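Read off the chains here:
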Amino acid sequence: MTIRTRFHLIFAIIAVLILTLALGTMSVSGLSREQVERIHHGALIPSLDLKTVSDAYTTAAIVSAVRVRVGDMPWDQGEAAVRRAKDAAGPAWERYIAHVKTQTEREIVRTAQDHMDEANTALDELIDILGAQDIAGLTAFIARDMYPSVNPLLVAIQELTALQDRYGESIYADALEQVEGQRMRLAILMAAALVVFLLAYYTLRNRVVGPLVTMTDAMAAVAGGRLDRDIPSLGKRDEIGALAAALARFRDNARQLRDDQQRLHDLAEELRDARDRAEEATRAKSSFLAMMSHEIRTPMNGVVAMAEMMDQTELTGDQRGMLDIVRASSASLLTIINDILDFSKIEAGRLELEAIELSLVDVVEGTAEILAGRAEEKGLGLVVDIDPAVPSLLVGDPVRLRQVLLNLIGNAIKFTEHGGIVVTVAAAPGPGPDVSLLRFAVRDDGIGLTPAQCDTLFRPFQQADSSTSRQYGGTGLGLAICRHLCTLMGGRIGVESVHGEGSTFWFEVPLTVVDWTAPAPSIAIGDARLVAVGFGDGPERHALAAMLAAAGVEDVRWLDRDGLADTPGASGADAEDGRRVVILWRAAAEDDALDTGGRDPAVVLVASRKLASRLAEAHRAGVFCTLTLPLRRDRLWHVIAAALGRASLERRDRAADGATSGWQPPTLEEARAAGALVLVAEDNATNQAVIRRMLSQGGYAFEIASNGVEALKLHAAGRYGLLLTDFHMPEMDGFALTSAIRSGEAEGVRLPIVALTADALPGTEQRCLDAGMDAYLTKPVDSRRLFDLLERFLPQARDLRRRAPPAETATPKAAAPPADPLANPLVDPQVLNLAYLGDIFAGAAEQAEALVRGFIGGARGMIDESGAALAAGDLSGARETVHALKGGAHSVGATRLGQLAGDLQDALDAGDGDTAALLHSLLAMTLDELADAADTAFAVPAHGVDR
């Protein structure tokens, strides 16, 4: 509906209303409220009240009495009728008196009031007569008293009624005269209103509605995109004229905006074309880098492999020096390739994070241990200082955290020539109730950075300056990768540095807390008395103090080497309260090693790995245990507990293992007949040896197959009570083997199947159950858990076991017992866990040595094989070899090598080639460390303690 239509409709409605009001007014009497009230109350109501009084005394009272007299009405009804008449007359008379207006009426009312009193007296007498049913009295009353008493009242009421009628006619005549006057005035007003209405209609139509309609049409045209439409100039100086001028300006601005939008559209098309070209170039770059990586790695595989093989031949000093340069150059080239590929992966958005439970202490200390060898090669100290308030269990991505730490610590070692590196971790409240903000910092004494260098350091392909790349190598991608990883984890990274004095690289990440409890030792050592010698006043002392404070140890004395003679208990005297003194001796050089033979306090030697392995036997005399740097918190706590006599340096007391060792198995025929024969499917020779030893000691008969196909053939030919199978085997893996066995089983027959795997990942157990297995064990295999499962699934084998006879010895009773290589406290259990081997090879150190040395020999080939696959870009092949290396390492107790191989496997699973290359470069060094530990344990007489 247009504005013109609305305008006409509104004025038509107004006109109809005016006419309707005029006609209605003309037809109404026009009486005022006061006049209507006077007519109503002065004429109508008073007349009705008088009639009510008259009827009450005539029709109701007199007639009722007469009807009773003639027998037409019962006495009681007559009495009631008279009473009602009397009761009705009183209120009606009072209402009438209230409306009396004139003097004449008042005089008549006074006379009538007297007659009414007489009439009421007569009615009371009549009521008594009726109540007594006195016929004679009633007859006499009617004849003598009734009419004389009532008649004067009725005459007065008639006079009042006539007077009331005349008064009402007078009022009505006055009202009619007023009505005629009002009608005349209304007619004049209506005519004037009609004239005003017509004038307003024509004025609004011509001066307001018409121009508005014109403007509306113009605005609709402009809004519809017809910007060439002319805007009429109304020539007005009022609001409508201003509206017309504004519309003209709006049209002009719209024209300009249309032109600008067209230019922007053309520019956007050009930008989209440029973006598409850039994305295509990025894809081409990634494809090129991937191809070049493969092409470069293939010849590099030959270079690295030949260098490794040449290193095992006899070479002159010059030749070995040149070979070292070849190997170092090859490693640098692989690092550059890995950095470039990792950055390309980040650009493509293919990096994903996992969220699993982790111990931050283990992640940080383990990372530092990996790089400790590099720091020692440069003569640098490496200290790990973790705030005791850091929660014990969190949720995060340990692989990516380790990758950032490896990069930062590796850079610190690379750019530091003198001094040391300190790694600190502190906890602060996080953004949520179950979140802790962890701050990691790596402080070095290296070359430092200028403010300008700090600003560009985290950009891709950026280093401090061009000389940095020439002197130290690298691509400048490591820190850019770290920044991206920190951002993915919801954190940030930064650097604080003074040129020439060193740098502190830090990063913060929020991690969900599973257990807010701070780590604490499993065995209380808070009452220990400690003397720390040679730790100085630097970060090593601070880190050691934090570890001791976390364990509740307060009685600590810090001395230099000259002050040792004043130490309580150093001369052989114990403390009065019976607490033993433990001396932590920090050896910085071979000459600093302490000859503590004959001393009573337990002396724990703290030294670098190389120094600990070089110390002569004379320097080790009386040493309770050796701890290598950087210190690990749990290991330190356990050694102190052992020095106090509250724990053993071994993992557990072998004497308590009588229930799971010292048994002889039955013959294969006996076990097969009883359905108690164990079938083992394991391809790794090291793992076979460990399982063979465990089952033999536990008294279980078994047969071993080297792969799934062989195991399936044995199962089809013989009767077995349980299957132990590895996950990963050639030809047929554990899952395929389980599926084949389950598909061939008859109804009601089920062979218990237990998986053996080095993959202790979330969901592994459920995956085993879904595949049809009954349980799984992680490597290294815990003998107690193995025997618990055998008790559960193979109870029939228990009665077939026989106790092994005690071993006879030719050693004279007076002779000192020979040293047990599997209880050598000088061997770092992180390198070679002799306690674990002792559980398996108790009393058979020669067999343990053969197992370890056999593994070391095979491990070198696995390292070379995985390195060749990694260099060729075959991450899957490298992963299979590294997985076997991890399983074998754990099986022989090579904890650190197994953890390093596990980290390498995680990097390969994530497709993280650069981290995998870095970790792989540490395998040979870690294996050499294992070989040195084996030499110490099996070749050098041990100095264990029995405390």
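Predicted model only: the values in this text are computed from it and were never measured.

### Brief notes about the overall build of the protein
Okay, step 1: Within the protein, the secondary structure is distributed over 28 helices and 19 strands.
Okay, step 2: Out of the 947 residues belonging to the protein, those deemed buried represent 45%.
Okay, step 3: Put simply, of all contacts in the protein between residues at least 6 apart along the chain, 72% involve residues at least 24 apart.
Okay, step 4: As displayed, the protein offers around 46,400 Å² of accessible surface, 55% of which is attributable to carbon and sulfur atoms.

### Structural notes on unusual backbone geometry
Okay, step 1: Here the amide bond leading from Leu-629 into Pro-630 is cis, since omega sits at -5°, within 30 degrees of zero.
Okay, step 2: Assignment of secondary structure puts Pro-630 in the loop between strand 12 (623–628) and helix 16 (633–643).
Okay, step 3: Within the chain, Gln-133 stands out as a residue other than glycine whose phi angle is a positive 55°.
Okay, step 4: Note on placement: Gln-133 falls in the loop between helix 4 (103–132) and helix 5 (135–223).
Okay, step 5: Notably, Glu-731 is not glycine yet its phi reads approximately 70°, a positive angle.
Okay, step 6: As for its position among the elements, Glu-731 is in the loop between strand 16 (722–726) and helix 20 (734–744).

### Observations regarding helix 22 (residues 783–793)
Okay, step 1: Residues of helix 22 that are buried include every one of Ser-783, Leu-786, Phe-787, Leu-789, Leu-790 and Phe-793, and no others. On an axial view of helix 22, the arc spanned by its buried residues comes to 160°, and they lie on one face. What points out from helix 22, more than 90 degrees from its buried face, is the exposed set Asp-788 and Arg-792.
Okay, step 2: Residues of helix 22 that are buried make contact with strand 14 (678–681), helix 18 (685–698), strand 16, strand 17 (753–757) and strand 18 (775–778).

### Things to note about the UniProt feature "modified residue: Phosphohistidine" (unreviewed entry) in the protein
Okay, step 1: As recorded in UniProt, the feature "modified residue: Phosphohistidine" (unreviewed entry) lies at His-883.
Okay, step 2: Here His-883 lies in helix 25 (residues 875–891).
Okay, step 3: When its relative accessible area of 6% is taken as the criterion, His-883 is described as buried.

### Some points on the packing of helix 18 against helix 25
Okay, step 1: The contact between helix 18 and helix 25 brings their axes to 8 Å, and the two run at 30°. By the criterion of interaxial angle, the relationship of helix 18 to helix 25 is roughly parallel. Every pair of crossing elements has a handedness; the one defined by helix 18 and helix 25 is left-handed. Here Thr-686, Asn-687 and Val-690 of helix 18 come into contact with helix 25, specifically with Gly-887, Gly-888 and Ser-891.

### As for the pairing of strand 17
Okay, step 1: With five of five residues buried, strand 17 is to be regarded as a mostly interior element.
Okay, step 2: Across the two faces of strand 17 the burial is the same, with Ile-753, Ala-755 and Thr-757 and Val-754 and Leu-756 all buried.
Okay, step 3: The pairing of strand 16 with strand 17 spans four bridges and is parallel. Counted as the bridge partner of Thr-725 is Ala-755 from strand 17.

### Regarding the packing of aromatic side chains
Okay, step 1: Inspection of every chain in the model, using the stated rule, returns four aromatic pairs.
Okay, step 2: Look at Phe-440 and Phe-507: their rings are 4.5 Å apart centre to centre, the planes differ by 5°, and that puts the pair in the stacked class. Highlighted residues: Phe-440 in strand 5 (residues 435–444) and Phe-507 in strand 7 (residues 502–515), separated in sequence by 67 residues. As far as the burial class goes, Phe-440 and Phe-507 line up, both buried.

### Let's talk about the pattern of salt bridges
Okay, step 1: One pass over the structure, following the stated rule, counts 28 salt bridges.
Okay, step 2: Two residues, Asp-774 and Arg-750, come together in a salt bridge whose shortest N-O distance is 3.1 Å. Highlighted residues: Asp-774 in the loop between helix 21 (764–770) and strand 18 and Arg-750 in the loop between helix 20 and strand 17, separated in sequence by 24 residues.

Each value, and the rule that gives it
Residues numbered from 1 in each chain as written. Predicted model: local features only at pLDDT ≥ 70, side-chain atom pairs only at ≥ 80, totals over all residues. Heavy atoms only, no water. Helix = DSSP H or I, 4+ residues; strand = E, 2+ residues; numbered from the N terminus. Buried < 20%, exposed > 50% of the residue type's maximum accessible area, 1.4 Å probe, protein only. Contact = heavy atoms within 4.5 Å. Areas by Shrake-Rupley, 256 points an atom, 1.4 Å probe, with all protein chains shown as cover. Arc of directions from axis to C-beta. UniProt positions renumbered as here; feature names shortened; annotations may be inferred. Axes fitted to C-alpha atoms, helices over the stretch in contact; angles between N-to-C directions. Parallel < 35°, antiparallel > 145°, perpendicular 65-115°, else oblique. Left-handed = near helix turned anticlockwise from the far one by under 90°. Pairing = 2+ DSSP bridges. Phe/Tyr/Trp six-rings, centres within 6.5 Å; stacked < 30°, edge-to-face > 60°. Salt bridge = Lys/Arg side-chain N within 4 Å of Asp/Glu carboxyl O.

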